[in-house]
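# Observations on chain architecture
If you want the building blocks of each chain, they are given just below.
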Amino acid sequence: MAELGRPGTTTAPRARADVARRVAGSAAAGCALAGGVAVTVAVVAGPGPGLTGYVSEAGIAGSGHATTYRIGILALAAALLLVGAALPPGVWAAPALLATSAVFTAVSGAVTCSAGCPLPPFERATAADLVHGGTSIAATASVVLAMVTLAVSGPAGPVLRRLAGLAAAVALPLCAAVGLAMLVLGRGAVVGVLERLVLAVAVLWGLSTATALALARR
């Protein structure tokens, strides 16, 4: 057994921690892939209004693919939590932001919106609609903020910084466009397409980051 103060003292614990982070990264990649596929199947195969509707409409009560949608959302929430756990030591803010996003994502999947997922200012929304919409927005915002913090975090390493920087550069203007379109245009093809692009960027970033963490050798 290695003794304190001698070479090799921290090698074994550090190696075990690295293995645990790689395992968490592998699990995160699997959850992100499974969640993305499940949500896509629910949205594409469901009876929703196509690109003019919200992604969340696949999970409303009575939808034939509501269960598939909720399972996918919960898998994505787990992926966010696992990515945060797999990040290298010394990375600040991002793990907490990803954990926050995971909680909001799970709540958005558990609290379903009513038919059409109405949101103000153009539609009358119920309390459940407001909770669902608010947690969905908070979840997305937390993910994008995590991308930004990782992009400027030295301990994250060059690969994770590049992935986060690229994703943030794409996601930030898309999020701004979604917010503006919802306020000015309301429901429609513009908001529908922009929302799907933002979610695709978030899922692809999560999957690529999880894969990088799973393959990392520190």
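Quick notes on the rules
Residues numbered from 1 in each chain as written. Predicted model: local features only at pLDDT ≥ 70, side-chain atom pairs only at ≥ 80, totals over all residues. Heavy atoms only, no water. Salt bridge = Lys/Arg side-chain N within 4 Å of Asp/Glu carboxyl O. Helix = DSSP H or I, 4+ residues; strand = E, 2+ residues; numbered from the N terminus. Buried < 20%, exposed > 50% of the residue type's maximum accessible area, 1.4 Å probe, protein only. Contact = heavy atoms within 4.5 Å. Core = buried A, V, L, I, M, F, W, Y, C linked by side-chain atoms within 4.5 Å.

## What to know about the pattern of salt bridges
Applying the stated rule across the entire model yields 2 salt bridges. Between R21 and D18 there is a salt bridge whose closest N-O contact spans 2.5 Å. Here D18 and R21 lie together in helix α1 (residues 11-45), a separation of 3 residues that amounts to about one turn. Overall, D18 belongs to the buried group, its relative accessible area being 8%. Residue R196 is joined to E195 by a salt bridge in which the shortest nitrogen-to-oxygen separation is 3.8 Å.

## Things to note about the environment of L183
Topologically, L183 is positioned in helix α5 (residues 158-184). Given a relative accessible area of 58%, L183 falls into the exposed group. Distance from L183 to V19, taken between C-alpha atoms, is 47 Å for residues 164 residues apart in sequence. If we skip the residues at most four places from it in the chain, L183 touches P121 and F122.

## Examining the nonpolar core
Formed by 40 residues in total, the largest nonpolar core has its most connected members in L87, L98, M147, L150 and W205. Looking at this core, the elements with two or more residues in it are α1, α2 (66-86), α3 (94-110), α4 (127-151), α5 and α6 (189-215). Apart from the residues lying within four places of it in its own chain, the contact partners of L98 are L80, V83, G84, L87, A146 and W205. Core analysis: the second largest hydrophobic core is formed by 7 residues, V39, V55, I73 and L76 among them.

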